[in-house]
Amino acid sequence: PHKKVEKICCIGAGYVGGPTCAVIAAKNPHIQVTIVDLNADRIAAWNSDKLPIYEPGLDEVVRSCRGRNLFFSTDVDKAIIEADLIFVSVNTPTKTKGQGAGYAADLGYVESATRHIAKVAQGDKIVVEKSTVPCRTAQSMRFILEANARPGIHFDILSNPEFLAEGTAIADLTNPDRVLIGSLNTPAGRSAAASLADVYAGWVDRQQIITMNLWSSELSKLAANALLAQRISSINALSAICEATGADVDEVSYACGLDQRIGKRFLKASVGFGGSCFQKDILNLVYLSESLHLPEVAAYWRQVVEMNEYQKKRFLNRIISCLFNTLTGKKIAILGFAFKKDTGDTRESAAITLCKYLRQERANVSIYDPEVEERQIWMDLAEPGVQDERKELEKQFTIAPSALEACKGADAVVVCTEWDEFRNSKLDYKKVYAEMNKPAFIFDGRLILDQKELEEIGFHVEMIGRPR
Ligand code: NAD
Ligand code: UGA
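By convention here, each chain's residues receive numbers from 1 onward along its written sequence. Here every chain gets a letter starting at A, and every ligand a number starting at 1, in the order they are written. The predicted origin of the model limits local features to residues at a pLDDT of at least 70 and limits the giving and counting of side-chain atom pairs to 80 or more, whereas totals for whole chains, interfaces and linings rest on all residues. Working from all heavy atoms in the structure, the side-chain values ignore hydrogens and water.

Let's talk about the overall build of the protein chain
For clarity, the threshold we go by: In this description a helix means any DSSP run of H or I spanning at least four residues, a strand means any run of E spanning at least two, and both kinds are numbered starting from the N terminus. The globule rule used for comparison is 2.2 Å times the number of residues to the exponent 0.38, while the radius of gyration itself is calculated over C-alpha atoms. Note on classification: 1.4 Å probe, protein chains only; a residue is buried when its accessible area is under 20% of the maximum for its type, exposed when over 50%, partly exposed between these limits.
Along its length, the protein chain carries 18 helices and 14 strands. For the protein chain, whose C-alpha radius of gyration is 24 Å, the value lies close to the compact-globule estimate of 23 Å for 468 residues. Dimensions along the principal axes, computed over C-alpha positions, put the protein chain at roughly 75 × 45 × 45 Å. In the protein chain, which comprises 468 residues, the proportion classed as buried is 52%.

Observations concerning the UniProt feature "domain: UDP-glucose/GDP-mannose dehydrogenase C-terminal" (unreviewed entry) in the protein chain
Put simply, the test is: UniProt positions are given in the numbering used here, feature names are shortened, and annotations may be inferred rather than shown by experiment.
Under the local residue numbering, the UniProt record ascribes the feature "domain: UDP-glucose/GDP-mannose dehydrogenase C-terminal" (unreviewed entry) to residues 333–451. The distance from the first to the last C-alpha atom of residues 333–451 is 18 Å, and the span holds 34% helix and 16% strand.

As for the environment of R142
Applicable threshold: For this analysis, residues touch if any pair of their heavy atoms sits within 4.5 Å.
Looking at the element boundaries, R142 is found in helix α6 (residues 137–148). Between the C-alpha atoms of R142 and R206, which are 64 residues apart in sequence, the distance is 28 Å. Apart from the residues lying within four places of it in its own chain, the contact partners of R142 are F155, I157 and L184.

Description of the pairing of strand β12 (residues 412–415)
Cut-off, in case you're wondering: One requirement defines pairing of two strands: DSSP has to find at least two bridges between them. The handedness rule is simple: strands pointing away from the viewer, and a clockwise path from the first strand over the helix to the second, make the crossover right-handed.
Burial along β12 is two-sided: the face carrying A412 and V414 and the face carrying V413 and V415 are both buried. In terms of strand pairing, strand β9 (residues 331–335) meets β12 through four bridges, oriented parallel. Within β12, the position partnered with I334 by the bridge is V414. Sheet topology places β12 next to strand β13 (residues 441–444); four bridges connect them, and they run parallel. Counterpart to V415 in the pairing with β13 is D444. Tracing the backbone out of β12, into helix α17 (residues 429–435) and back to the parallel element β13 gives a crossover that is right-handed.

Considerations on the sheet that holds β13
Definition in use: For helices, the fitted axis covers only the stretch in contact; all axes are lines through C-alpha atoms, and the angles between them, taken along N-to-C directions, range from 0 to 180 degrees.
Ordered in space as β11-β10-β9-β12-β13-β14, the six strands form an open sheet in which the pairing is parallel. Edge strands, defined here as strands with exactly one partner in the open sheet, are β11 (397–399) and β14 (460–463). Along the sheet, successive strands turn relative to each other by an average axial angle of 20°, direction set aside. Here helix α13 (residues 350–360) sits on the sheet in contact with β9, β10 (364–368), β11 and β12, set at roughly 175° to β9.

Have a look at this one:
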């Protein structure tokens, strides 16, 4: 018989901890869920009418249970002491300094959360790795917990990686392809896994809740992201061949995707994948491979990231060469700054890289995104450590209140994010055209536009993966 979980604490109120534990609370009214964070502003926002992250359907879920069995708090100690089960859902960014800089995961936040648990826990706990971590991190967590625990306290450690994608987090959580739980293959480990499985069984079919050994579970998360990103780099590599040959990448993707062994999803060519995880997790895998003395394996995965960088650079080169080999003083409208639609998140967004390139080319850039906050855009454009940069940036960049406003007086429009409002049916491209400098160029980095219709208006249209 395994323990029934009555109280859950989630350390880290970010893109993963917030939505995941809000759904757990909504689906399990009998479980008290407290999400804690050291960042008091973030917690205040979770307790307000304007949640700190934009995610379709999230407001409704939070509203349905906040104050009932879902709580957001900065009192980390209290939540740890009360909980039977603790999710560690803190950030695991790429290390920027020291050994493994640029590749390895910075596990400092995981370690400090783990030490915090060891320090304040007064009874047995199930500790769940929710963050994406390198293989065998659970072992380090166990070591830290056991070395610092009060006498007689027992910790079980589980791996329970999260597979939600931003923009569809609530749908992904409500109807997951699978829930993965890794544990030690001991009676205590299996019993802890069963306790966590019960929480998910509040709404997920038992058959979709899979259990396996800890290290497989940890590695499966890195593997899944690497395989997904690898598909995008593969189709993007093909998009370069399409542009040079007259093939159309959407048609190639369609033809290949109909083969059930390949499948349709994640074969959309783009200006490059972004998001906080793909690059970070692949680099993590590269680092792991190198540490294991597997240089060929490391090189294989590294190429997925290199292809992504190449795709962004290639897109820039196409803009430059179409605009008569100089962008100096020309106005470029950037439509979309988020790394994908339906999120306000800009982490590793291809638009950031492109804007930095455009800055070097001395272009004037006007940016519009329906969800990203202005403050965030300025932060993303700034180079770290440069003082008074905002004034310099303002000489070249403006942030527009609408797509039409961004396009006024522009020489070229560049679609960087696939927001629905940029589609032909939603944006009045006749008006856009009328307001632009001529010849009016439009570059579609997301393959969402109707090329023919735009050409009829008068645009010169350039699409990723279609010949010039
Ligand atoms: P995030 O930066 O949005 O949130 C992490 C939060 O943890 C921050 O608010 C931070 O203040 C808090 N935190 C850090 N250390 C803490 C501590 N010791 N005590 C209390 N709070 C602390 O990150 P995220 O996007 O939610 O990602 C979290 C993890 O989940 C990462 O490992 C990531 O790889 C993984 N992941 C992310 C996604 C995604 O879509 N963003 C999807 C799956 C998995
Ligand atoms: C991704 C995974 O899809 C999630 O399963 C995983 O949990 C998450 O990473 C994580 O570990 O953080 P996310 O980054 O939120 O989710 O969003 P995706 O939908 O995967 O898109 C990532 C990037 O790839 C975006 O920039 C998107 O525009 C791009 N993309 C996606 C393409 O260019 N083409 C595609 O066919 C699909």
